[in-house]
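What the coordinates show
This is what each chain is made of:
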Amino acid sequence: MNWKQILKTLPIVAFGNTVMAAGIVLFILPMGLITGGTTGLGIIAEKLTGLSIPVFTAIFNIAMFLLGFVCLGKTFAATTLVSTVLSPVMLAVMQAIVGDFVLCEDLLMNVLFGGICVGIAIAIVVRAGSSTGGMDIPPLLLQKYAGIPVSRSLYVFDFVIVCGQALIVAPDMLLYGVLMVMAYTVVIDKMMAMGDAQIQLQIVSPEADKIRQAILQDVDRGVTLLHGQTGYFQRETDVLFTIISPRERHRTEQLIRRIDPHAFIIISHVTRVSGGGFSVPKKRLPLDQ
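What this report covers is the structure whose coordinates are included nearby. (Residues numbered from 1 in each chain as written. Predicted model: local features only at pLDDT ≥ 70, side-chain atom pairs only at ≥ 80, totals over all residues. Heavy atoms only, no water.)

1. Some words on the overall build of the protein chain
Counted only if it meets this: Starting at the N terminus, helices and strands are each numbered in turn, a helix being any DSSP run of H or I of at least four residues and a strand any DSSP run of E of at least two. Two things to know: the radius of gyration comes from C-alpha atoms, and the globule rule equals 2.2 Å times the number of residues to the power 0.38. Partly exposed residues are those whose accessible area sits between 20% and 50% of the maximum for their type, while under 20% is buried and over 50% is exposed, using a 1.4 Å probe and protein chains only. Using the Shrake-Rupley algorithm and a 1.4 Å probe, accessible areas are obtained, with residue cover drawn only from the displayed protein chains. Note on charges: Lys and Arg go in the positive column, Asp and Glu in the negative column, and His and the chain ends are not counted at all. Just so you know, the charge point we use is NZ for Lys, CZ for Arg, CG for Asp and CD for Glu.
Counting its secondary structure elements, the protein chain contains ten helices and four strands. Counting helices and strands in the order they occur from the N terminus, the protein chain gives α-α-α-α-α-α-α-α-β-α-β-β-α-β. In summary, the protein chain has a C-alpha radius of gyration of 25 Å against a globular reference of 19 Å for 289 residues, an excess of more than 25%. Summarising its shape, the C-alpha atoms of the protein chain cover approximately 75 × 45 × 35 Å along the three principal directions. By the burial criterion, 43% of the 289 residues in the protein chain qualify as buried. Of the roughly 15700 Å² of accessible surface on the protein chain, 64% is carried by carbon and sulfur atoms. Positive and negative side-chain charges in the protein chain, numbering 21 and 19 respectively, have mean positions lying 9 Å apart.

2. Side note on the pattern of salt bridges
The condition that has to hold: By definition here, a salt bridge exists when the distance from a side-chain nitrogen of Lys or Arg to a carboxyl oxygen of Asp or Glu is within 4 Å.
Inspection of the entire model under this criterion finds four salt bridges. For glutamate 207, the salt bridge goes to lysine 210, with nearest N and O atoms at 3.7 Å. A residue is classified by how much of its surface remains accessible, and lysine 210, at 52% relative accessible area, is exposed.

3. What to know about a nonpolar patch on the surface
Counted only if it meets this: Patch membership requires over 30% relative accessible area and the absence of a salt bridge. Like charges are linked within 9 Å, and nonpolar side chains (Val, Leu, Ile, Met, Phe, Trp, Tyr) within 5 Å.
A cluster of nonpolar side chains, contributed by Leu108, Met109, Leu112, Phe113, Ile116 and Leu179, occupies part of the molecular surface with about 450 Å² of accessible area. It is helix α5 (residues 107-127) that contributes the most residues to the nonpolar patch, five residues altogether. By secondary structure assignment, the location of leucine 179 is in helix α8 (residues 171-193). Judged by relative accessible area, leucine 179 falls into the partly exposed class, the value being 32%.

4. Remarks on the packing of helix α9 (residues 208-219) against helix α10 (residues 249-259)
Heads up, the rule is: For helices, the fitted line uses only the C-alpha atoms of the stretch in contact; every axis is such a line through C-alpha atoms, and the angle between N-to-C directions lies from 0 to 180 degrees. Crossing handedness: left-handed means the near helix sits turned counterclockwise from the far one by under a right angle, and right-handed means the same turn made clockwise. Should any heavy atoms of two residues lie within 4.5 Å, those residues are counted as being in contact. Gly is placed with the polar residues, together with every amino acid not listed as nonpolar (Ala, Val, Leu, Ile, Met, Phe, Trp, Tyr, Cys and Pro) or charged (Asp, Glu, Lys and Arg).
Where α9 contacts α10, the two axes come as close as 10 Å, and the packing angle between them is 145°. The handedness of the crossing between α9 and α10 comes out as right-handed. Taken together, the residues of α10 that come into contact with α9 (itself represented by Lys210, Ile211, Ala214, Ile215, Asp218 and Val219) are Arg251, Thr252, Leu255, Ile256 and Ile259. Along the lines of polarity and charge, the residues of the contact of α9 with α10 split into seven nonpolar, one polar and three charged.

5. Things to note about α9
Quick reminder of the rule: Each helix should span, by expectation, one fewer than its residue count multiplied by 1.5 Å.
Look at α9: 15 Å from first C-alpha to last across twelve residues, which is about the 16 Å you get at 1.5 Å a residue. The inward-facing, buried residues of α9 contact β1 (198-204), β3 (236-244) and α10. Where α9 ends, the next residue or the one after it, aspartate 220, has phi of about 65°, a positive value.

6. A closer look at α5
Stated precisely, the cut-off is as follows: Polar contacts here mean pairs of N or O atoms no more than 3.5 Å apart (in protein, one a potential hydrogen donor and the other a potential acceptor; neighbouring residues in sequence count only if both atoms are side-chain atoms).
For α5, with 21 residues, the first-to-last C-alpha span of 30 Å sits near the 30 Å given by 1.5 Å per residue. Capping the start of α5, aspartate 106 holds a side-chain oxygen 3.0 Å from the backbone nitrogen of leucine 108, two or three residues further along.

7. As for the packing of aromatic side chains
Put simply, the rule reads: Working definition: a ring pair exists when centres of Phe, Tyr or Trp rings (six-membered ring for Trp) sit within 6.5 Å. Plane angles under 30 degrees give stacked, over 60 give edge-to-face, the rest tilted. Throughout this description, the term charge over a ring refers to an Arg CZ or Lys NZ atom that lies within 6 Å of the ring centre and within 35 degrees of the ring normal.
As enumerated under the stated definition, the model contains three aromatic pairs in all. An angle of 15° between the planes, with centres 5.8 Å apart, marks the rings of phenylalanine 56 and phenylalanine 60 as stacked. Taken together, the residues phenylalanine 56 and phenylalanine 60, both in helix α3 (residues 53-72) and four residues apart, mark about one turn of the helix. Residues phenylalanine 56 and phenylalanine 60 agree in their burial class; the two are buried. Ring geometry for tyrosine 232 and phenylalanine 233: centres 4.8 Å apart, planes at 85°, overall edge-to-face. Like tyrosine 232, the residue phenylalanine 233 is exposed in the burial classification. One Lys or Arg, arginine 235, reaches over the ring of phenylalanine 233 and ends 4.3 Å from the middle of that ring.

8. Comments concerning the packing of α5 against α8
With their axes 7 Å apart at the nearest point, α5 and α8 run at an angle of 35° to one another. Every pair of crossing elements has a handedness; the one defined by α5 and α8 is right-handed. Within the contact of α5 with α8, the residues separate by chemical class into 21 nonpolar, three polar and one charged.

9. Regarding the environment of isoleucine 12
Secondary-structure assignment places isoleucine 12 in helix α1 (residues 3-28). Taking the C-alpha atoms as reference points, isoleucine 12 and isoleucine 122, separated by 110 residues in sequence, lie 11 Å from one another. Among residues more than four places away in sequence, those in contact with isoleucine 12 are Ile124, Val125 and Ala128.

10. Comments concerning the environment of leucine 141
Structurally, the position occupied by leucine 141 is in helix α6 (residues 137-146). Sequence spacing of leucine 141 and glycine 68 is 73 residues, and the spatial spacing of their C-alpha atoms is 8.0 Å.

11. Observations regarding the pairing of β1
To keep things clear, this is the line we draw: For two strands to be treated as a pair, DSSP must find no fewer than two bridges joining them.
Most of β1 is tucked away: five of the seven residues are buried. Where β1 and strand β4 (residues 264-270) come together, seven bridges link them in antiparallel fashion. Residue pairing in the sheet places isoleucine 203 in a bridge with isoleucine 265 of β4. Alignment of β1 against β3, held across six bridges, turns out to be antiparallel.

Structural data, given as structure tokens:
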């Protein structure tokens, strides 16, 4: 068990749970909105059995924690334990602090801001290598064993939970619930990619060797040469392939244009990059190797 990683993760997990509780208490519960996840299941349980949402959340989170402990490892389970404890506690504390206070009476605004808070909270905790407990665990298991992105499976689970509340809420509230699920799914997608997105450049130019050297020396990024052939004249040509950070894009383009103003440049966004210079330290070798 990596105790250093656990201690580093705990404050992030605590902050994520605080944001989650604030979003639920300030925006979701006052308007009687429905949502997915453990809170959505808690709303169903409260309506059908009278069991309070914090109590249901505690019971369900413990069950999911045990599942995560078995399938996702001890370090993950240790950080998730904080969520398992903090989630119902922070929810109860926030309810006690806020009481009957209503921040906003506009349903759409509550839906959007509630979704934003939930999305931010889940993304913060998942990026830290943990979870907010409860319904976060099944999507993480699917990501580990089936390679399905967390946001995609989370959307499916939450959509089913929201639809499961159709018998206890009005049709318009059901639609608001679907909108909230869509809102926090988008937020999770964006935040999970935040900081990982990079820029991919493909460059076709007769000055390919000069551009290659400039990128290596001035931008300090690796370059791959792809050998190709032009379609019209069928001439042999080199295509330069490189990955840069978004902040390096403008400088790199200017560098290329100074060498060849007519260079053909393809620019595309890459969600995530692994390897030397990105997810692991760059290895520097002499150019003659």
